[in-house]
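Structural description and commentary
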Amino acid sequence: MWLEREFPAVEFERFADDAVVHCRTERQAQLVLVALSERLASVGLRLHPDKTRIVYCKDRKRRLSYERTSFTFLGYTFRARKAPTRDGKSMFTAFLPAMGTDALKDKGHEVRGWKLHLRTTCDLAELAEWMNPIIRGWMNYFGRFYRTAMFGLLRRINTYLVRWARRKFKRLRAFKRAKRWWSGLLQRVPRLFAHWAWMPEF
């Protein structure tokens with residue numbers, strides 16, 4: 001309410017104690033930053049000294065140099081990225097969100113913690129029933145923007161599934177056989193795992 005009253009032209013988003021404030025110029029950003037600091041101090045609070053920063057949203061129109069040109073908010077990292085034009089014939093630079101490095105590491109640790117290669121008493125259908133709600137949740141949240149940032153994580157899940165199969169079935173110990181098995185599996189049940197719609201390779 002204070003921001004809306006004191007800076008009506010400045011848009012912002014807030015989730016819990018994290019916020020992003022959009023300013024048109026660096027001068028405006030500096031003014032808002034000082035005012036916010038004073039406002040919070042008046043009620044016994046303060047901005048986080050390490051997390052609070054002014055970021056230059058660099059893209060094809062904004063080409064100046066600045067110390068900070070990216071930020072992370074709610075697991076997404078916003079920065080300059082290549083994007084295709086509407087007709088798909090060329091690329092341009094835009095300031096876009098994608099799944100952030102910390103979120104990727106966190107989910108990667110979670111996948112490793114599943115220890116799929118040890119779950120050889122389960123069959124694929126059981127693994128899919130357990131894994132799909134989790135993976136689908138990640139895809140629905142982090143896949144809304146620049147989904148290619150997720151592909152490494154999804155491919156890693158497939159690698160663990162192949163490791164599971166090679167441990168469960170002795171005939172698949174040879175890599176070439178495992179690869180043929182995987183290709184056949186994708187042909188038979190292409191929708192078994194939610195992420196195969198985006199990343200069927202391993």
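Source: prediction; values computed, not measured. (Residues numbered from 1 in each chain as written. Predicted model: local features only at pLDDT ≥ 70, side-chain atom pairs only at ≥ 80, totals over all residues. Heavy atoms only, no water.)

Moving on to the packing of aromatic side chains. Taken as a whole and assessed by the stated rule, the structure comprises 16 aromatic pairs. On the numbers, 5.5 Å between centres and 45° between planes, the contact of Y76 with Y141 is tilted. Placement of Y76 in strand β4 (residues 76–84) and of Y141 in helix α4 (residues 124–142) is noted, with a sequence separation of 65 residues between them. Given a relative accessible area of 37%, Y141 falls into the partly exposed group. Pairwise contacts between aromatic rings join F175, W181, W182, F193, W196 and F202 into one cluster. Sitting over the face of the ring of F92, R60 holds its NZ or CZ atom 4.5 Å from the ring centroid. (Phe/Tyr/Trp six-rings, centres within 6.5 Å; stacked < 30°, edge-to-face > 60°. Helix = DSSP H or I, 4+ residues; strand = E, 2+ residues; numbered from the N terminus. Buried < 20%, exposed > 50% of the residue type's maximum accessible area, 1.4 Å probe, protein only. Lys NZ or Arg CZ within 6 Å of the ring centre and 35° of its normal.)

Between the first and last C-alpha of α4 there are 25 Å, a value that for 19 residues agrees with the 27 Å anticipated at 1.5 Å per step. Roughly 40° is the biggest bend found in α4, and it falls at M131, with proline P133 one to four residues downstream. Every buried residue of α4 is accounted for by L124, L127, A128, M131, N132, I135, W138, M139 and F142. Residues of α4 that are buried make contact with β4, β5 (91–99), α3 (101–114), α5 (151–168) and α6 (175–188). (Expected span 1.5 Å × (residues − 1). Bend = angle between axes of the 7 residues up to and from the residue. Contact = heavy atoms within 4.5 Å.)

Further remarks concern a nonpolar patch on the surface. Together, F15, L74 and Y141 give the surface a local cluster of nonpolar side chains, amounting to about 290 Å² of exposed area. With respect to the helices and strands, F15 occurs in strand β1 (residues 11–15). Judged by relative accessible area, which is 53%, F15 ranks as exposed. (Patch = residues over 30% accessible without salt bridge, like charges linked within 9 Å, V, L, I, M, F, W, Y side chains within 5 Å. Areas by Shrake-Rupley, 256 points an atom, 1.4 Å probe, with all protein chains shown as cover. Salt bridge = Lys/Arg side-chain N within 4 Å of Asp/Glu carboxyl O.)

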